[in-house]
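# Observations on the three-dimensional arrangement
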There are 2 protein chains.
Amino acid sequence: MTQQLIPARGYAAARMKKGQTLKVINTYGQQVIDFWAFADTDMTEYMSMHHTHAALLKIIPAVGDTLVTTKRRGIMTILEDTTPGIHDTVMPSCDRYRYQQLGCEEYHLNCKDNLEMALDDIDLKRPVHPAPFNLFMNIPVSDVDNNSISWQPCQASAGEYILMRAEIDCVVAFSSCPQDIVPINGPNCEIVDTHFVIS
Amino acid sequence: MTQQLIPARGYAAARMKKGQTLKVINTYGQQVIDFWAFADTDMTEYMSMHHTHAALLKIIPAVGDTLVTTKRRGIMTILEDTTPGIHDTVMPSCDRYRYQQLGCEEYHLNCKDNLEMALDDIDLKRPVHPAPFNLFMNIPVSDVDNNSISWQPCQASAGEYILMRAEIDCVVAFSSCPQDIVPINGPNCEIVDTHFVIS
């Protein structure tokens, strides 16, 4: 029941048992969190955004929906969501290449490397880098305008949260998205601490 | 310049050099083809639908667009498309689990296993199973109705094709989607031969 920290620009990982719940809290608001879940018995099976699209016939999962793995098994069900319900399933994690393209000449912290370090902390290696479930990330999809998508600021306010239930034993990992060039973490590009609770 | 066969329900793979072109022909119409491309020098770098979304800010790439890899390098540019331009980047390959869920009691050919066999044919192993660029697959995305997506029949007619240019040396692989339960390959669920030409 202890609240655990996902430090601003940092990462965290934990193990969950089937039936446990996970609350991810946007403590100070407007912070995007890249979120991954892997089957604990075999990390080559992981929560997949593509397979979730096929299971739900939706781009954005909502309360009552179960996200699925690469073997099409349920892994995470959304029980409650006090945010506006805006999350993303079509964008990749940011990575060193992304920041190079945005003009960074020095190394920039990024969600891809954060996943690696988060799993290192619990002595695991990631077999692949899955596309994340981008919690609180606001990437509207329009079918009107040539299927365009755009980067928009996070709409989650301070204290809002999403609550999910693990459907299988799993490893979960989080990255506090350190994107401070494109204003997805609010117009001021401030990166802030967030928290999670496993119960 | 020889036309090569992607047999109905089957697969093919080939190597391409930077600058070569690839024409994928919907020979008899209404056939979906799962298409993958890997960097020839390092197959852990591959054409990624998520990274392509970020690069193009579109769900469906069109003529003039360059699909990118997991390292955000251009790998395939669309030069010409005589089909209605409907392709898919949000659905996974079909696999044995999908057909089990659709009620198949016996093994059903599927695009995931087809990729493995296609690469086997040229003595390669896939390090991961990337989400494919689903050529000619019709999965409209609606932002009006809760971001819903749906399975619709392929709109490509006999003889229509898409022409792409390789931006780096790469390995390409194709699966003739054997989906004959959900009518994505036309209302009669007929699976037919298709062809490709590397020039």
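Within any chain, residue numbers begin from 1 and follow the written order of that chain's sequence. Starting at A for chains and at 1 for ligands, labels are handed out in the order in which the entities are written. Given that this is a predicted model, residues contribute local features only at a pLDDT of at least 70 and side-chain atom pairs are listed and counted only at 80 or more, while totals for whole chains, interfaces and linings are drawn from all residues. The side-chain figures draw on all heavy atoms in the structure; neither hydrogens nor water molecules are used.

A tally of regular secondary structure across chain A gives 3 helices and 10 strands. Helical segments are the DSSP runs of H or I of at least four residues, strand segments are the runs of E of at least two, and each set is numbered from the N terminus. Each helix and strand of chain A, placed in order from N terminus to C terminus, yields the pattern β-β-β-β-α-β-β-α-α-β-β-β-β. Its C-alpha atoms give chain A a radius of gyration of 16 Å, within 12% of the compact-globule value 16 Å for 199 residues. Think of it in three bands: with a 1.4 Å probe and only protein chains considered, a residue is buried below 20% of the maximum accessible area for its type, exposed above 50%, and partly exposed in between. Counting all 199 residues of chain A, 59% fall into the buried class. Per-residue and other accessible areas were derived by the Shrake-Rupley procedure at a 1.4 Å probe size, with only the shown protein chains allowed to occlude residues. Approximately 7,700 Å² of chain A is accessible, and the part contributed by carbon and sulfur atoms is 48%. Radius of gyration: over C-alpha atoms. The globule rule applied is 2.2 Å multiplied by the number of residues raised to the 0.38 power.

With that out of the way, let us pick up the pattern of salt bridges. For this document, the term salt bridge refers to a Lys or Arg side-chain nitrogen within 4 Å of an Asp or Glu carboxyl oxygen. Applying the stated criterion across every chain yields a total of 20 salt bridges over all chains. Note that Arg 72 of chain A is salt-bridged to Asp 95 of chain B, the shortest N-O span being 2.9 Å. One end of the pair, Arg 72 of chain A, is in the loop between strand S5 (66-68) and strand S6 (74-81); the other, Asp 95 of chain B, is in the loop between strand S6 (74-81) and helix H2 (96-101), on a second chain. As far as burial versus exposure is concerned, Arg 72 of chain A and Asp 95 of chain B are alike and both buried. Here Glu 45 of chain B makes a salt bridge to Arg 73 of chain B, at a shortest N to O gap of 2.9 Å. With Glu 45 of chain B in the loop between strand S4 (33-39) and helix H1 (49-56) and Arg 73 of chain B in the loop between strand S5 (66-68) and S6, this pair connects stretches of sequence that are 28 residues apart. For Arg 73 of chain B, a relative accessible area of 37% corresponds to the partly exposed category.

In this section: the sheet that holds strand S3 (residues 21-26) of chain B. All names here are of chain B. The strand order across the open sheet formed by 6 strands is S1-S10-S3-S8-S6-S5, and the pairing between neighbours is antiparallel. Each of the sheet's edge strands pairs with one partner strand only, and the pair in question is strand S1 (3-6) and S5. Pairwise comparison of adjacent strand axes, ignoring direction, gives a mean angle of 25 degrees for this sheet. Bridge count between S6 and strand S8 (residues 160-166): 5 bridges; the pairing is antiparallel. Following the sheet pairing, Met 76 is matched in S8 by Ala 166. In this analysis, strands are considered paired if DSSP registers two or more bridges between them. Under this scheme, a helix contributes an axis fitted over its contacting stretch, all axes are lines through C-alpha atoms, and angles between N-to-C directions fall in the 0 to 180 degree range.

The next point concerns helix H1 (residues 49-56) of chain A. With respect to burial, H1 of chain A is a largely interior element, 7 of its 8 residues being buried. Of the surrounding secondary structure, the elements contacted by the buried residues of H1 of chain A are S5 and strand S7 (133-135) of chain A together with H1 of chain B. The N-cap of H1 of chain A, judged by a side-chain oxygen 3.3 Å from the amide nitrogen of His 50 of chain A a few residues on, is Ser 48 of chain A. By the convention used here, residues are in contact when the closest approach between their heavy atoms is within 4.5 Å. In protein, a polar contact requires one atom able to donate a hydrogen and another able to accept it; more generally it is a pair of N or O atoms within 3.5 Å, and residues adjacent in sequence count only if both atoms are side-chain atoms.

Bringing unusual backbone geometry into the picture now. Residues and elements named next belong to chain A. In this model, Arg 9 sits at a positive phi of 70 degrees, which is unusual for a non-glycine residue. Turning to its location among the elements, Arg 9 is positioned in the loop between strand S1 (3-6) and strand S2 (11-16). Residue Arg 9 is classed as partly exposed on the basis of its relative accessible area, which comes to 30%.

What follows is about the relation of the copies chain B and chain A. Only residues with pLDDT of at least 70 in both copies contribute their C-alpha atoms to the least-squares superposition of the copies. Each copy of the sequence occupies a distinct position, and chain B is placed on chain A by a rotation of 180 degrees and an axial shift of 0.0 Å, giving an RMSD of 0.0 Å. Overall, the copies show the geometry of a two-fold rotation axis.

Here we come to a nonpolar patch on the surface. Patches here: salt-bridge-free residues with over 30% relative accessible area, like charges joined within 9 Å, nonpolar side chains (Val, Leu, Ile, Met, Phe, Trp, Tyr) joined within 5 Å. Nonpolar side chains collect at one region of the surface, where Tyr 107, Leu 109 and Met 117 of chain B lie side by side and expose about 270 Å² of accessible area between them. With respect to the helices, strands and loops of the structure, Leu 109 of chain B is situated in the loop between H2 and helix H3 (111-121).

For the rest of this paragraph, the subject is the sheet that holds strand S2 (residues 11-16) of chain B. All names here are of chain B. A sheet is described by the order of its strands in space; here 4 strands give the open sequence S2-S9-S4-S7, paired in antiparallel fashion. Each edge of the sheet is formed by a strand with only one pairing partner; in this case those strands are S2 and strand S7 (133-135). Ignoring which end each strand starts from, the neighbouring axes of this sheet average 25 degrees apart. The pairing of S2 with strand S9 (residues 170-176) spans 6 bridges and is classified as antiparallel.

Our next topic: the environment of Lys 17 of chain A. All names here are of chain A. Note that Lys 17 resides in the loop between S2 and strand S3 (21-26). A C-alpha to C-alpha distance of 22 Å links Lys 17 and Met 117, two positions 100 residues apart in sequence. Those residues in contact with Lys 17 that sit more than four places away from it in its chain are Ala 166, Ile 168 and Asp 169.

Residues and elements named next belong to chain B. Note on terminology: pairs of cysteine sulfur atoms within 2.5 Å are recorded as disulfides. Applying the stated rule across the entire model yields 0 disulfides over all chains. In this structure Cys 94 is a free cysteine whose sulfur lies 3.7 Å from that of Cys 111, the closest cysteine sulfur available. Cys 170 carries a free sulfur, and the closest cysteine sulfur to it, the one in Cys 111, is 19 Å from it.

Right, let's talk about the side chain of Glu 160 of chain A for a bit. All names here are of chain A. Following the sequence through the fold, Glu 160 ends up in strand S8 (residues 160-166). All tallies of charge rest on Lys and Arg as positive and Asp and Glu as negative; His and the ends of each chain are not included. It is Lys 23 that comes nearest to the buried, bridge-free Glu 160 among opposite-charge side chains, at 13 Å. Those residues in contact with Glu 160 that lie beyond four places of it in its chain are Val 24, Ile 25, Asn 26, Thr 82, Thr 83, Pro 84 and Gln 155.

All names here are of chain A. Most of strand S10 (residues 194-198) is tucked away: 5 of the 5 residues are buried. Alternating residues of S10 divide into Thr 194, Phe 196 and Ile 198 and His 195 and Val 197, and every residue in both groups is buried. Examined bridge by bridge, S3 and S10 share 4 bridges and lie antiparallel to one another. Within S10, the residue paired with Lys 23 across the bridge is Val 197.

Across chain A, pLDDT averages 95, with 98% of residues at or above 70. Across the assembled chains, the prediction reports ipTM 0.97 with pTM 0.97. A residue's pLDDT is the predictor's confidence in that residue, given on a scale from 0 to 100.

Here a cavity denotes grid points, spaced 1 Å and computed from the protein atoms alone, that fit a 1.4 Å probe unable to get out, and a pocket denotes an open set having protein on both sides within 12 Å along at least 5 of 7 lines; residues with an atom within 4 Å of a point are the lining. Grid points are joined across faces, edges and corners, and a volume is the space filled by probe spheres set on the points. Taken as a whole, the largest pocket spans an internal volume of roughly 1,100 Å³. At the level of secondary structure, the elements contributing two or more residues to the lining of the largest pocket comprise H1, helix H2 (96-101) and helix H3 (111-121) of chain A together with H1 of chain B. Classes in brief: Ala, Val, Leu, Ile, Met, Phe, Trp, Tyr, Cys and Pro nonpolar; Asp, Glu, Lys and Arg charged; the others, Gly included, polar. Partitioned by chemical class, the residues of the lining of the largest pocket number 19 nonpolar, 15 polar and 15 charged.

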